[in-house]
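Close look at the chain arrangement
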Amino acid sequence: MDLLVQKFGGSSLATPQKVLSAARRAIGEFEAGRSVVVVVSAQGDYTDRLITMARQIHPEPNPREMDTLMAVGEQMSIALMAIAIHSLGHGAVSLTGAQAGIRTDNVSSKARIRTIDTSRLRRELEREQIVIVAGFQGVDVDDNITTLGRGGSDTTAVALAAALGAERCDIYTDVEGVYTADPRLVPQARWIPVIDYDELLELASLGARVMHSRAVELAKRYGVPFRVRPSFSESEGTLVTDLSGEMEQVDVRGAALETEEAKVTIRHVPDRPGVAATIFSEIAAASINVDMIVQNVSEQNRADVSFTVMQRDLPRAVQVAGRLADELNAAGVDVNEEIAKVSIVGTGMRSHAGVAERMFRALADQKINILMISTSEIKVSCVIEAPAGERALRAVHNAFELEKNDTDTKDDNE
Ligand code: ADP
Ligand code: ASP
Ligand code: MG
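Notes on the structure in this doc start here.

**Description of the overall build of the protein chain**
Helix and strand counts for the protein chain come out as twelve helices and 20 strands. Expressed along its principal axes, the backbone C-alpha trace of the protein chain runs to roughly 75 × 50 × 35 Å. Of all 414 residues assigned to the protein chain, the portion counted as buried reaches 51%. Sequence-distant contacts, at least 24 apart, represent 75% of the contacts inside the protein chain between residues at least 6 apart. Roughly 18,900 Å² of accessible area belongs to the protein chain as shown, and the carbon and sulfur atoms make up 47% of that amount. Each charge sign in the protein chain was given a centre, from 44 positive and 60 negative side chains, and these centres are 2 Å apart.

Take a look at the structure:
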């Protein structure tokens, strides 16, 4: 029998009517003869509200207790969804991450899934229940509740689809699918009918929050094609799959804006072998992910080392950088939280020259100063001043004519 995993994001569950409408979709698939697993997020902005509640009590809450708290929203949603399905006359059972057999490592607030024991899930499916699983959560080896990082319900859905060998995985959200840029920021953004795992992975990692990047990574690794589709209409959304065999690839598929990074500069560190290794091993030891790194050589064998981190890691990054500055006899540490990163992504960039230059020109025409640059085979990113972020995104989108990039148009989906 066909097995389907459906995931509903927070905005698709924000009201009782929306919960009922999601329940009807699950029932529709069930009535068509499929086994259905539904993964749900917390309703609306409930996770944000939980975080605010904790911070009103303590500015830096204990990580383990934060995970226990943040997991509450999804637990509400599973019960409400099961109740909605019951009210429509069908069988459903809600399962927390632990009950669904999801085991993670013990890294609070960014835990990774290690294993999924699907026996309980399969038992419930055999009993012809629609099984509702709490997204974003699992338990570690000591049964502590863990969470997978903001937006992590997508990862729960893809991981379950892989573990259960599902025929389909549908990620329901509040837009028509994946667009060439966030349609809320770029009104001309175009709906993309099919996108390669690698392209969506880059877009998601570079700030397009339409999918949790780790979900796309998992889907690629386990070969799980999935759809990102609207919960408010019947359209098919965007198919995410492996397009690497395509003969012709577009040079730039989409653009993204990241506004949650900050730049840290350690000023005037000695310019000698081993210094960068010391700095970045200490930062890594504090479990801080560094994105971009730039070193500017200044006078007298001294250099400024700048790097970007997520704003949520900034207090710890500044602490480590301050200690290093003392140890290395550097001049001090500067922090700039007012930055944004605009990026373009496309697998076809590998074989098209001049893409980076065109992006720099688009920013220059807008008089937007570039603070840092990084490139890979399939992306170019520029760090700029935060207030210019949205304008930069629109300028780059426009420069690559992403609104009319290939033969499909947004209208095909409507
Ligand atoms: P959910 O609650 O369903 O998980 P999210 O808010 O996490 O939804 O993700 C959907 C949002 O992602 C959209 O409302 C949109 O503003 C944003 N987004 C950012 N980049 C893109 C993109 N390239 N395509 C579509 N949506 C995008
Ligand atoms: N509720 C969690 C969050 O807001 C997980 C998710 O929505 O995917 O980040
Ligand atoms: Mg999301």
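**A closer look at the site of ligand 2**
Taken together, the neighbourhood of ligand 2 is formed by Ser41, Ala42, Thr47, Glu74, Phe136, Arg150, Gly151, Gly152 and Ser153. A distance of 3.3 Å is found between an oxygen atom of ligand 2 and a side-chain nitrogen or oxygen belonging to Ser41. Residue Thr47 places a side-chain N or O atom 2.8 Å away from a nitrogen atom belonging to ligand 2. Calculation on ligand 2 without its partners gives an accessible area of 270 Å², and the protein chains cover 86% of this total.

**Some points on helix α4 (residues 72-87)**
Compared with the 22 Å implied by 1.5 Å per residue over 16 residues, the 23 Å span of α4 between its first and last C-alpha is a close match. Of the residues making up α4, those classed as buried are Gly73, Glu74, Ser77, Ile78, Met81, Ala82, Ala84 and Ile85. Buried residues of α4 fall within an arc of 165° about the axis and therefore sit on the same side. Exposed and oriented more than 90 degrees from the buried face of α4 are Ile83 and Ser87.

**Quick look at the nonpolar core**
Residues Val5, Val133, Cys169 and Phe226 are the most contacted members of the largest nonpolar core, which totals 41 residues. The element contributing the most residues to this core is helix α6 (residues 153-164), with six residues. One finds Val175, Met349, Ile384 and Ala392 within the second-largest nonpolar core, a separate group that totals 27 residues.

**Re the site of ligand 1**
Around ligand 1 lies a shell of 18 residues, among which Thr173, Asp174, Tyr179, Asp182 and Arg184 are the nearest. In the environment of ligand 1, an oxygen atom lies 2.8 Å from a nitrogen or oxygen atom belonging to the side chain of Asp182. Its free accessible area being 570 Å², ligand 1 has 91% of it covered by the protein chains. Classifying every residue of the shell around ligand 1 by side-chain character gives eight nonpolar, five polar and five charged.

**What about the pairing of strand β16 (residues 302-310)?**
In terms of residue burial, β16 counts as a mostly covered element, since eight of its nine residues are buried. Two strands pair when backbone bridges link them, and strand β15 (residues 290-297) and β16 are joined in this way by six bridges, in the antiparallel orientation. Among the inter-strand pairings, Val297 is bridged to a residue of β16, identified as Ala303. Counted along the chain from β15 to the antiparallel partner β16, the turn is four residues long, and its residue Gln300 has a positive phi close to 50°.

**Description of the side chain of Thr173**
Of note, Thr173 is situated in strand β9 (residues 168-173). Within polar-contact distance, the side chain of Thr173 engages the side chain of Asp174 at 3.3 Å. Residue contacts for Thr173: discarding those within four places in its chain leaves Ser12, Val228, Arg229, Pro230, Ser231 and Phe232.

**Some thoughts on the environment of Glu327**
Along the chain, Glu327 turns up in helix α10 (residues 314-327). Taking C-alpha positions, Glu327 is 51 Å from Arg227, a pair spaced 100 residues apart along the chain.

**Some thoughts on the packing of aromatic side chains**
Tallied over the entire structure, the rule returns two aromatic pairs. Taken together, a centroid distance of 4.9 Å and an interplanar angle of 10° make the contact between Phe8 and Tyr172 stacked. Separated by 164 residues along the polypeptide, Phe8 in strand β1 (residues 3-8) and Tyr172 in strand β9 bring together distant segments of the chain. A residue is classified by how much of its surface remains accessible, and Phe8, at 1% relative accessible area, is buried.

**Here's the deal with the sheet that holds strand β19 (residues 372-376)**
Picture the strands of a sheet paired through backbone hydrogen bonds; they go either parallel or antiparallel. Spatially, the four strands line up as an open sheet ordered β13-β18-β20-β19, and their pairing is antiparallel. Looking at which strands have only one partner, the edges of the open sheet turn out to be β13 (254-258) and β19. Strand after strand, the sheet turns through a mean of 15° between neighbouring axes, direction not considered. Note: β19 against strand β20 (residues 379-385), five bridges, orientation antiparallel. Looking at the pairing, Thr375 lines up with Val380 of β20. Each of β13, β18 (339-345) and β20 is contacted by helix α12 (residues 389-399), which is oriented at about 170° to β13, the strand it contacts most.

**Brief notes about the side chain of Glu74**
Relative to the assigned elements, Glu74 resides in helix α4. Of the side chains bearing the opposite charge, Arg150 lies closest to the buried Glu74, which forms no salt bridge; the N-O distance is 7.7 Å. In contact with Glu74, not counting residues within four places along its chain, are Val40, Ser41, Ala42, Thr47, Ala134, Gly135, Phe136, Gln137 and Ser153.

**Overview of α10**
The end-to-end C-alpha distance of α10 is 20 Å, a good match for the 20 Å that 14 residues give at a rise of 1.5 Å each. Taken together, the buried positions of α10 are Leu314, Ala317, Val320, Ala321, Leu324 and Ala325. One side of α10 holds all its buried residues, which, seen down the axis, span an arc of 140°. In α10, the exposed positions that point more than 90 degrees away from the buried face belong to Pro315, Gln319, Asp326 and Glu327. Looking at the buried residues of α10, the elements they touch are β14 (261-270), α9 (275-285), β16 and β17 (332-336).

Analysis parameters
- Residues numbered from 1 in each chain as written.
- Chains lettered and ligands numbered in written order.
- Predicted model: local features only at pLDDT ≥ 70, side-chain atom pairs only at ≥ 80, totals over all residues.
- Heavy atoms only, no water.
- Helix = DSSP H or I, 4+ residues; strand = E, 2+ residues; numbered from the N terminus.
- Buried < 20%, exposed > 50% of the residue type's maximum accessible area, 1.4 Å probe, protein only.
- Contact = heavy atoms within 4.5 Å.
- Areas by Shrake-Rupley, 256 points an atom, 1.4 Å probe, with all protein chains shown as cover.
- Lys, Arg positive; Asp, Glu negative; His and termini not counted.
- Charge placed at Lys NZ, Arg CZ, Asp CG, Glu CD.
- Near = heavy atom within 4 Å.
- Polar contact = N/O pair within 3.5 Å; in protein donor to acceptor, adjacent residues only side chain to side chain.
- Expected span 1.5 Å × (residues − 1).
- Arc of directions from axis to C-beta.
- Core = buried A, V, L, I, M, F, W, Y, C linked by side-chain atoms within 4.5 Å.
- Nonpolar A, V, L, I, M, F, W, Y, C, P; charged D, E, K, R; others polar.
- Pairing = 2+ DSSP bridges.
- Phe/Tyr/Trp six-rings, centres within 6.5 Å; stacked < 30°, edge-to-face > 60°.
- Axes fitted to C-alpha atoms, helices over the stretch in contact; angles between N-to-C directions.
- Salt bridge = Lys/Arg side-chain N within 4 Å of Asp/Glu carboxyl O.

From the geometry alone we can't say anything about function, so treat these as descriptive.
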